[in-house]
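An overview of the molecular structure
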Amino acid sequence: MIQSLKYIRTIAAAERSILFRTPKVWVLGSIGGFFTFMLLLATTIASIFDNSPEGEFMLEGTDAWIALYLFSYAQAIIIIFVAADFRKAETQAHLDQVMLSRPMTTANWVLGKYMGIVSGLLMINLFFLGLSAIGRLVKMYVLDVNFNMMPAAQYFMIATVPSILFMTALVFFLISLVRVQAVAILIPLAYVAGILFYVRDEYEGLFDYACFAIPLFNSDLIGFGEIESVLWQRAFYLLLSAALVCGTILLYPRLHQSAFSRRITGTTGILTFSGAVVVVSSIWTQYASQQDVRNEMRAHHVERAAAVLPSVTHYDLDISLDSESNPLAIEAQLTVHNPHSSPIDTLLFSLNSGLTVTNAIWAGRAVPLIHDSHLIRLALPTPLGVGKTDSLKLSYTGDIDGQYFTLERLDEAEGLIPKSGDGPWTKDNISAWADERIAVLPAQSGWYPVPGVASGYAYDSPKPANFSTATIRVETPSDVYAIAQGARVSESSEGGRRTTHFNAETPVPALSLNAGPYERLSRKFSQTEVELYFYSGHLMGYEAFDDVADTCYQAVERLFELFEQAAGTPYPYPKLSFVEVPLQMQVY
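Analysis parameters
Residues numbered from 1 in each chain as written. Predicted model: local features only at pLDDT ≥ 70, side-chain atom pairs only at ≥ 80, totals over all residues. Heavy atoms only, no water. Helix = DSSP H or I, 4+ residues; strand = E, 2+ residues; numbered from the N terminus. Buried < 20%, exposed > 50% of the residue type's maximum accessible area, 1.4 Å probe, protein only. Contact = heavy atoms within 4.5 Å. Areas by Shrake-Rupley, 256 points an atom, 1.4 Å probe, with all protein chains shown as cover. Axes fitted to C-alpha atoms, helices over the stretch in contact; angles between N-to-C directions. Parallel < 35°, antiparallel > 145°, perpendicular 65-115°, else oblique. Left-handed = near helix turned anticlockwise from the far one by under 90°. Nonpolar A, V, L, I, M, F, W, Y, C, P; charged D, E, K, R; others polar. pLDDT = per-residue confidence, 0-100. Pairing = 2+ DSSP bridges. Core = buried A, V, L, I, M, F, W, Y, C linked by side-chain atoms within 4.5 Å. 1 Å grid on protein atoms, 1.4 Å probe; cavity = no way out; pocket = protein on both sides within 12 Å on 5 of 7 lines; lining within 4 Å. Points joined across faces, edges and corners; volume = space filled by probe spheres on them. Phe/Tyr/Trp six-rings, centres within 6.5 Å; stacked < 30°, edge-to-face > 60°. Lys NZ or Arg CZ within 6 Å of the ring centre and 35° of its normal. Salt bridge = Lys/Arg side-chain N within 4 Å of Asp/Glu carboxyl O.

Take the overall build of the protein next. Along the protein, the regular secondary structure elements total 11 helices and 19 strands. Across the 588 residues of the protein, 46% fall into the buried class. Partitioning the contacts of the protein with sequence separation of at least 6, the portion at a separation of at least 24 is 77%. By element, 61% of the accessible surface of the protein is carried by carbon and sulfur atoms, the whole surface being about 28,500 Å².

Below, the structure written as structure tokens:
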């Protein structure tokens, strides 16, 4: 084993040395590297001479991982042509038989050459990471921004490493299988072209080996977001890479050297290929299952869209942001009213199924309920009489199931606004987010109980609006601001926790909750108070507007006047809050 590792290391070092002396590597690498370097240089210069949000791309470390992404296009071509020389150099120099007559197994030889090319390409990417780090250091010195290379490092591990391993293994396998270099080059080139110009992120991104169109957009607030499916896709390519390398060893044109080595290689190849099949099958099965569940949920909601609904006149909510695995803990007390001319014997509310109801009390008595398909159904012990009002108290905890929001969302089609872009600008469709420090919960995510179903209403008879007042208390870590409807009544800190109390005296049609380590700017105008919440470092240079502040304030006042004239009524609420949310939150 030790001797085999020495052989592999020696061959890898020699292959890497040859790689760095190959003209095509320098030509293609220089072309890709030039554009990558210019991006790093341009963003650094932009940040120095224009210390605006655009200069910093609004995100810490964005330039570094976008540079890696852009280089991946050139790298896709570099790998194919470099790996295709797998056997060419030794064959042309008539050294292949000399080398293969050495006392080493075919596995040693193939693995050594494979690791040589892979390590060489990884070194090139690390070089660009180093350039990015220098750019960040310059920005730290000039602009006092944070040195944040974590997004680039994560992108390197998630996207770059598996893509290099896979494409190198694929070209090696084709060389051993067809033994014609031109064919081994044309097939991967056609594959890459198919991904770039046709397949893109279709079929759940299973064909996108280099993450050209997979949503890997990084936010300072929530990182890459929900990328579990992306990680499984990367695991598929890692396993497939190992299987292809094993196939290369078994198909390599050389007499068998070691029966034991051949059995180990064959067994490993079968296991890794089987693992790849299991992973891709699981990804596709999960996707199909999600579509079936969405359709079943929507049918469930359509079936109950005609139910007689109560109204909720007041919400009293106690909210706590807790652990990452169980971020929401809510005590909700609803004042329920029957506005109809007949009694109501069953209450129907929408509540996200990712939240588990632990307790339900109606009119002071514990009652059973059914919570499935994002719906709560509660059969009342005694019908709620005409014009009567009573209280429902619900205790629930958990996380938000993103499938809830998208029940009514149409598939993308021609004429509709696309929900995604290209490359790292491809953003996942995250409808809500909650952890112990960040909450982005629009009303449509179902984070609190709302009368009626979430979807299924006809276009000409939309869901009746439920206007209600609210008392909201939110407990967060002490450095986290909470933002909700209503005036901020009080705010207190104790034991590293902050409690913020909101009171919405004017009825509102929906409730949302945002929380995060924000900075806050506010200004009281004659119509209302306007607040701006933003992530530290994302609103640089606003002090430059100090000289024209009065003019800006007059413009805002005038905008309010114009809106009020158009609406025919004064702005009815005590504040208007603008809150920065992660770029992945496309529902906004």
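Helix α9 (residues 228–251) packs onto helix α7 (residues 150–178) with a crossing angle of 25° between their chain directions and a minimal axis gap of 8 Å. Looking at the two axes, α7 sits roughly parallel to α9. The handedness of the crossing between α7 and α9 comes out as left-handed. When α7 is examined against α9, the residues I158, A159, P162, S163, L165, F166, A169, L170, F172, F173, S176 and L177 are found in contact with a partner set consisting of V230, L231, R234, Y237, L238, L240, S241, L244, V245, G247, T248 and L251. Taken together, the residues of the contact of α7 with α9 sort by class into 18 nonpolar, five polar and one charged.

So, on to the confidence of the model for the protein. Summarising the model, the protein shows a mean pLDDT of 82, and 85% of its residues fall at 70 or more. The low-confidence segment residues 52–58 (pLDDT under 50) makes 18 contacts with residues lying over four places distant or belonging to another chain. Note on residues 409–425: pLDDT is under 50 here. Beyond four places in sequence and across chains, it has 32 contacts.

Here we take up the sheet that holds strand β13 (residues 481–484). Spatial ordering of the open sheet is given by β9-β10-β16-β13, a layout of four strands whose pairing is antiparallel. On the outer flanks of this sheet lie β9 (433–434) and β13, each paired with one strand and no other. One ladder, built from three bridges, connects strand β10 (residues 439–441) with strand β16 (residues 513–516); its direction is antiparallel. Each residue of the ladder has a partner; that of V440, found in β16, is N514.

So, about the environment of F560. With respect to the helices, strands and loops of the structure, F560 is situated in helix α11 (residues 549–567). Once residues lying within four places of it in the same chain are set aside, the contact partners of F560 are Q527, T528, V530, Y571 and L576.

Y155, M167, Y209 and L216 are the most contacted members of the largest nonpolar core, which totals 75 residues. Once you skip the residues sitting within four places of it in the chain, M167 turns out to touch I79, I80, P188, Y191, V192 and Y209. Grouped together as the second largest cluster of nonpolar side chains are 47 residues, L317, A443, V480 and L513 included.

One number sums up the size of the second largest pocket: a volume of about 680 Å³. Along its surface, the second largest pocket is lined by 20 residues, and L521, R523, L532, C552 and Y553 are the ones closest to its centre. Secondary structure elements with two or more residues in the lining of the second largest pocket: β17 (518–524), β18 (529–535), α11 and β19 (575–579). The greatest single-element share of the lining of the second largest pocket, amounting to seven residues, is contributed by α11.

Let us now look at the packing of aromatic side chains. This model, assessed by the stated rule, comprises 19 aromatic pairs. When the ring of F525 is compared with that of Y553, the centres are 6.0 Å apart and the planes differ by 75°; the resulting orientation is edge-to-face. Taken together, the residues span a long stretch of sequence, with F525 in the loop between β17 and β18 and Y553 in helix α11 at a distance of 28 residues. Taking the relative accessible area as the measure of exposure, F525 reaches 12% and is therefore buried. What makes Y553 partly exposed here is its relative accessible area of 29%. A network of ring pairs unites the aromatic residues Y69, Y73, F166, Y191, Y209, F212, F236 and Y237 as a single cluster. Directly above the ring of Y481 sits R498, whose terminal nitrogen or CZ lies 4.7 Å from the centroid.

What follows deals with the sheet that holds β17. Taking strand neighbours across the sheet as the criterion, the three strands line up as β17-β18-β19 in an open arrangement whose pairing is mixed. What marks the edges here is a single partner per strand, and that holds for β17 and β19. Shown here is a sheet whose adjacent strand axes are inclined to one another by a mean of 15°, direction ignored. Bridge analysis of β17 against β18 gives seven bridges, and the strand direction is antiparallel. Following the sheet pairing, R523 is matched in β18 by V530.

For the rest of this paragraph, the subject is the pattern of salt bridges. Side-chain pairs of opposite charge can arise where the charged atoms are in close proximity. All chains considered together, the criterion is met by 15 salt bridges. A salt bridge links R497 to D322; the nearest nitrogen and oxygen atoms lie 3.9 Å apart. Note that R497 is positioned in strand β15 (residues 497–508) and D322 in the loop between β1 (311–321) and β2 (328–337), a separation of 175 residues in sequence. R497 sits in the partly exposed class, given a relative accessible area of 22%.

One can expect most non-glycine residues to show negative phi and most peptide bonds to be in trans. Its identity is not glycine, yet C211 carries a phi of approximately 60°, on the positive side. With respect to the helices, strands and loops of the structure, C211 is situated in the loop between α8 (181–199) and α9. The phi torsion at H374 lies on the positive side, around 65°, for a residue other than glycine. Within the secondary structure, H374 sits in the loop between β6 (370–372) and β7 (375–384).

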